[in-house]
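Spelled out, the chains give:
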Amino acid sequence: MIALEGITKTYRMGKVEVHALQGIDLRIGEGEFVAIMGASGSGKSTLMNIIGCLDVPTSGRYLLDGADVSRVDDDQLAGIRNRKIGFVFQSFNLIPRTSALHNVEMPLIYMGRKPAAAGTTRASRATQALGAVGLADRIHHQPTELSGGQQQRAAIARALVTDPAILLADEPTGNLDSASSVEIMRLLSALNVGQGRTIVLITHEQDIARFARRVVELRDGRIVRDEKVA
Amino acid sequence: MNLFEAIRMAANGLLANRLRSSLTMLGILIGVAAVILLVAVGNGASVQINAQIQSLGANVIYVFPSNARGTGGVSQGFGTGQSLTQADVNAINSAQQAPDVVAAIPIAQSGGQITYGSQNYFAPTIGTTPAFPQVRDYQVAEGSFFTDDDVNAKHRVVVLGQTVVDNLFGTVDPIGQTIKINRQSFRVIGVFAPKGGSGLGSQDNVVIAPITTVWAYLTGARGQVISQIVASATSAASVAQAETEITTILLERHQISDVTQANFQLQSQQDILNQATSIATALTLVLGAIAGISLVVGGIGIMNIMLVTVTERTREIGIRKALGARGRDILSQFLIEAVTLSLLGGLIGVVAGILVSAVIGRLAGWGFIFDPATLVVATAFSLAVGVVFGVWPARQAARLDPVVALRYE
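Structural notes, computed from the coordinates.

## Section: the overall build of chain B
Line of reasoning, step 1. Broken down by element type, chain B carries 13 helices and 12 strands.
Line of reasoning, step 2. For chain B, the spread of C-alpha atoms along the three principal axes comes to 105 × 55 × 35 Å.
Line of reasoning, step 3. Here chain B holds 409 residues, and the buried ones make up 40% of them.
Line of reasoning, step 4. Considering only intrachain contacts with a sequence separation of at least 6, the fraction spanning at least 24 residues in chain B is 81%.

## Focus on the sheet that holds strand β7 (residues 166–170) of chain A
Within a sheet, neighbouring strands are paired by backbone hydrogen bonds and run either parallel or antiparallel to one another.
All names here are of chain A.
Line of reasoning, step 1. On the basis of which strands lie adjacent, the open sheet formed by six strands has the order β6-β7-β8-β3-β9-β10 and mixed pairing. Of all the strands in the sheet, the pair left with one neighbour each is β6 (85–88) and β10 (222–228). Within the sheet, the average angular offset between the axes of one strand and its neighbour, ignoring direction, is 20°.
Line of reasoning, step 2. Across five bridges, the pairing between strand β3 (residues 33–37) and strand β8 (residues 198–203) is parallel. Directly across from F33, in β8, lies its bridge partner I199.

## Brief notes about the nonpolar core
Line of reasoning, step 1. In terms of nonpolar packing, the biggest core is built from 116 residues, with I36, V104, L130 and A157 of chain A touching the most fellow members.
Line of reasoning, step 2. Sorting elements by how many residues they give to this core places helix α2 (residues 18–54) of chain B first, with 13 residues.
Line of reasoning, step 3. Sequence-distant contacts of I36 of chain A, defined by excluding residues within four places in its chain, comprise K44, L47, V200, L201, I202, V216 and L218 of chain A.
Line of reasoning, step 4. Counting residues in each nonpolar core, the second largest holds 55 residues, with I92, V157, V230 and A231 of chain B among its members.

## What to know about helix α6 (residues 178–195) of chain A
Residue and element names in this part refer to chain A.
Line of reasoning, step 1. Between its first and last C-alpha atoms α6 spans 25 Å; for 18 residues at 1.5 Å apiece the expected length is 26 Å, and the two agree.
Line of reasoning, step 2. Turning to α6, its buried residues number three or more, namely S181, I184, M185, L188, L191 and N192. Relative to the axis of α6, the buried residues are bounded by an arc of 115° and lie together on one face. Set apart from the buried face of α6 by more than 90 degrees, the exposed residues are A179, R186, V193 and G194.
Line of reasoning, step 3. Trailing α6 by a residue or two, G196 shows a phi angle of about 70°, which is positive.

## Things to note about the interface of chain A and chain B
Line of reasoning, step 1. Counting residues at the interface gives 20 residues for chain A and 16 residues for chain B.
Line of reasoning, step 2. Elements represented by at least two residues in the side of chain A that touches chain B include exactly α2 (74–84) and α3 (100–111) of chain A.
Line of reasoning, step 3. Sorting elements by how many residues they give to the side of chain A that touches chain B places α2 of chain A first, with six residues.
Line of reasoning, step 4. Across the side of chain A that touches chain B, the residue classes tally to nine nonpolar, six polar and five charged.

## Overview of the pairing of strand β1 (residues 60–65) of chain B
For a regular strand, side-chain orientation follows a simple rule: the groups alternate between the two sheet faces.
Residue and element names in this part refer to chain B.
Line of reasoning, step 1. Two elements, β1 and strand β11 (residues 228–233), share four bridges in a ladder whose sense is antiparallel. Residue pairing for β11: V63 is matched across the bridge by I229.
Line of reasoning, step 2. Taken together, the five bridges between β1 and strand β12 (residues 264–268) define a ladder with antiparallel strand orientation. Counted as the bridge partner of Y62 is Q267 from β12.

## Some points on helix α6 (residues 162–169) of chain B
All names here are of chain B.
Line of reasoning, step 1. Inspection of α6 places V164, V165 and L168 among the buried residues, and these make up the whole buried set. Projection of α6 onto a plane perpendicular to its axis shows the buried side chains occupying an angular sector of 100°, all on one side.
Line of reasoning, step 2. Buried residues in α6 make contact with β3 (113–116), β4 (119–122), β7 (157–160), β8 (178–181), β9 (184–192) and β10 (207–210).
Line of reasoning, step 3. Two residues or fewer after α6 comes G170, characterised by a positive phi angle close to 60°.

## A look at the packing of helix α11 (residues 327–364) of chain B against helix α12 (residues 372–398) of chain B
Residues and elements named next belong to chain B.
Line of reasoning, step 1. Following both chains from N to C, one finds α11 and α12 inclined at 150°, their axes separated by 7 Å at the closest point. Accordingly, the angle class assigned to the pair α11 and α12 is roughly antiparallel. In the crossing of α11 with α12, the sense of the turn from one axis to the other is right-handed.
Line of reasoning, step 2. Its residues assigned to classes, the contact of α11 with α12 comprises 21 nonpolar, nine polar and two charged.

## A word on the environment of A67 of chain A
Residues and elements named next belong to chain A.
Line of reasoning, step 1. On the secondary structure map, A67 appears in strand β5 (residues 67–68).
Line of reasoning, step 2. With 10 C-beta atoms packed within 10 Å, A67 lands in the exposed category.
Line of reasoning, step 3. When the C-alpha atoms of A67 and G174 are compared, they prove to be 32 Å apart, with 107 residues separating the residues in sequence.

Basis of the calculations
- Residues numbered from 1 in each chain as written.
- Chains lettered and ligands numbered in written order.
- Predicted model: local features only at pLDDT ≥ 70, side-chain atom pairs only at ≥ 80, totals over all residues.
- Helix = DSSP H or I, 4+ residues; strand = E, 2+ residues; numbered from the N terminus.
- Buried ≥ 20, exposed ≤ 12 C-beta atoms within 10 Å, placed from the backbone.
- Contact = placed C-beta atoms within 7 Å.
- Pairing = 2+ DSSP bridges.
- Axes fitted to C-alpha atoms, helices over the stretch in contact; angles between N-to-C directions.
- Core = buried A, V, L, I, M, F, W, Y, C linked by C-beta atoms within 7 Å.
- Expected span 1.5 Å × (residues − 1).
- Arc of directions from axis to C-beta.
- Nonpolar A, V, L, I, M, F, W, Y, C, P; charged D, E, K, R; others polar.
- Parallel < 35°, antiparallel > 145°, perpendicular 65-115°, else oblique.
- Left-handed = near helix turned anticlockwise from the far one by under 90°.

Pasting the structure below:
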């Protein structure tokens, strides 16, 4: 599903070169639930940007679903993000003044083509996705009218509405209280176990990482631990 | 992403900041309204000027005395010379020498207080010959015009314009009444039908008398001066030919070989019309240019607000890009926002401009003149303003790096 081979990423900060990633080799198979851990500055955000096709590596190869996506242009990257990747962010990142339904429809609008399954409309698919995360009665609410946990559920619905290859969750519980955090992590677990969703979770919290079945730890741009957990 | 979705997104963006959107629109609105209004005023004024000049009479040529330049060194000003004589008029009236001239009349001007009973009024008194109504296109509504006999015998008779009648007589029938001009008595024998025109150029504010009478009783010490000769050509097409004939006659009679040394000047109705038209065109252009500048200023306002909007919504742009929006999706969203602002402002401006120019046209008396081309131009212009000033902010938005934009607080 995901194959990273010798990925490096170097930034220029003024005259200083920052080697954020220094040779990452990582394979994530279909249906896995992987937590990528690391302290701040370990390179996990950079890795997430590359896995999420928001950024391209300086060197190395990235195969996503069998296709090399490490050397494609911006528009193609946008298309890959749209179809293959579902993002869940720490700060929810719903578009303000826009209903939950319309937020969830957004990736379908950018997809442009007609919905895959016959007899479905964008609105019906979005409604279905919101129903699947337990927000069926909140579809016309705007983000400001939803609680943090509900906003994150809407974001998860938005991530899943295109039926992506991977769900990429970047500190999804960072802005939530512990009750909502557990609720969201249970939802992610259920998606992994029940539907076989491939989930990559970025976090620095052990408690949250425990929900995953494999933990990869980064330090100074290198993988220092990669093990299955119970 | 289709156009409908893009428009829906743009509308959402604009509605989120209603006050800001309306104020930005106001810039374009005022610009477009000003363009329409000023062009309408310019056109209205020129139509009115043309109508007034037309009312002077058809195919008319004016001959004014002028001092030959270069001989004396001092030009004494327009119409002050005394080079025209009754013999000149007779020569121009001669069918052999000037076949394209229908008739020519001398004009002697005098001013003075006109009184009737206890009423008094001021109007120019013009001395001329019986061909005056024909040349200047006046109709005698009541009574009659004076004859050659009246001219030869210096009879003290006058024909009045409608404005003079209204001011002196009220409801009294003026025919046969005696009025006084500069304390000399004159009998009213006719009244002209109104010719229209208003203000200084009014053709109805005149008193016409035989030229000999004016010389004898009104011009006094200045003597037998002809201040201008008015000739009418047989048709609009023959005006140029008639001008040539008149010039030839007068040069010969005044014994001048070089036309640049002539002691008279010719001006046709068409010359005056051309001058007035070019002035009106220049006026319209200047007004239009001023209004155009306000459109550009409005456009800069749109650009400014779109740049602010793009900065404010950087994070939203990042989210949209993460969800799969391509550069051109973002570009079209913000471009459509800018164009919507300018086009909506422009359309409201068109309506406002039309309404105000209709009101002004009514007040000024030239009626409602609306050129549909203005509407097309104004709409196209506001569309162009939106695109030109919206494309740069939209490109800024489209080129944002999603990683940076998502991190933007």
